[in-house]
Amino acid sequence: VQLQASGGGLVQAGGSLRLSCVPSVRTASNHGMGWFRQAPGKEREFVGAVRWRDGITSFADSVKGRVTISRDTAKNTVYLQMNSLKPEDTAVYYCALTYYSDTYYYVDQKKYAYWGQGTQVTVSS
């Protein structure tokens, strides 16, 4: 399974970006799709995730209110919409697929079976 993430780029603080992720296999109802990020010199951290079956989402506290996740089941694509971006949002963003349907597990990187290659997001001040 391959995950193709795209949409990263350079944006000014306060701006917005939408990242996309397309799995190479049809996403099943019991799957979850997560977004993580890794800033230079820091560990990879959870951003948010969506349960494919019903669109239920969960987010890290650091991005709540600024980030939404949606999925287009027809296009088999998950989106990460980021608004009011801050310089500290600068990171490589990864999408990942989990077979867990319980959103409790979505924050745990170990619960994800497949990862995309990452897309760079740079927020200038």
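Small disclaimer: the values here were computed from a predicted structure and weren't measured.

**Q** How do you make sense of a nonpolar patch on the surface when you look at a structure like this?
**A** A grouping of V1, V25 and Y99 is seen on the molecular surface, where their side chains present a nonpolar patch of about 240 Å² in accessible area. Mapped onto the secondary structure, Y99 falls in the loop between strand 9 (91-98) and strand 10 (112-115). Y99 sits in the partly exposed class, given a relative accessible area of 44%.

**Q** I would appreciate a short explanation of the packing of aromatic side chains in the present structure.
**A** For any pair of aromatic rings, geometry is given as the distance between the ring centres together with the angle between the planes. Applying the stated rule across the entire model yields seven aromatic pairs. Judged by centre distance (4.9 Å) and plane angle (55 degrees), the rings of F36 and W115 are tilted. Taken as a pair, F36 in strand 4 (residues 32-38) and W115 in strand 10 lie far apart in primary sequence, 79 residues in all. Under the relative-accessibility criterion, F36 is labelled buried at 0%. Ring geometry for Y99 and Y114: centres 6.2 Å apart, planes at 90 degrees, overall edge-to-face. Linking Y99 in the loop between strand 9 and strand 10 with Y114 in strand 10, this pair joins segments that are 15 residues apart in sequence. Among the residues examined, Y114 registers a relative accessible area of 28% and is labelled partly exposed. Here the aromatic residues F36, F46, Y112 and W115 are joined through ring pairs into a cluster of three or more. The ring of Y79 carries the charged tip of R18 above its face, separated from the ring centre by 4.1 Å. Above the plane of the ring of W115 lies R44, whose end atom (NZ or CZ) is 3.7 Å from the centre.

Rules used throughout
Residues numbered from 1 in each chain as written. Predicted model: local features only at pLDDT ≥ 70, side-chain atom pairs only at ≥ 80, totals over all residues. Heavy atoms only, no water. Patch = residues over 30% accessible without salt bridge, like charges linked within 9 Å, V, L, I, M, F, W, Y side chains within 5 Å. Areas by Shrake-Rupley, 256 points an atom, 1.4 Å probe, with all protein chains shown as cover. Salt bridge = Lys/Arg side-chain N within 4 Å of Asp/Glu carboxyl O. Helix = DSSP H or I, 4+ residues; strand = E, 2+ residues; numbered from the N terminus. Buried < 20%, exposed > 50% of the residue type's maximum accessible area, 1.4 Å probe, protein only. Phe/Tyr/Trp six-rings, centres within 6.5 Å; stacked < 30°, edge-to-face > 60°. Lys NZ or Arg CZ within 6 Å of the ring centre and 35° of its normal.

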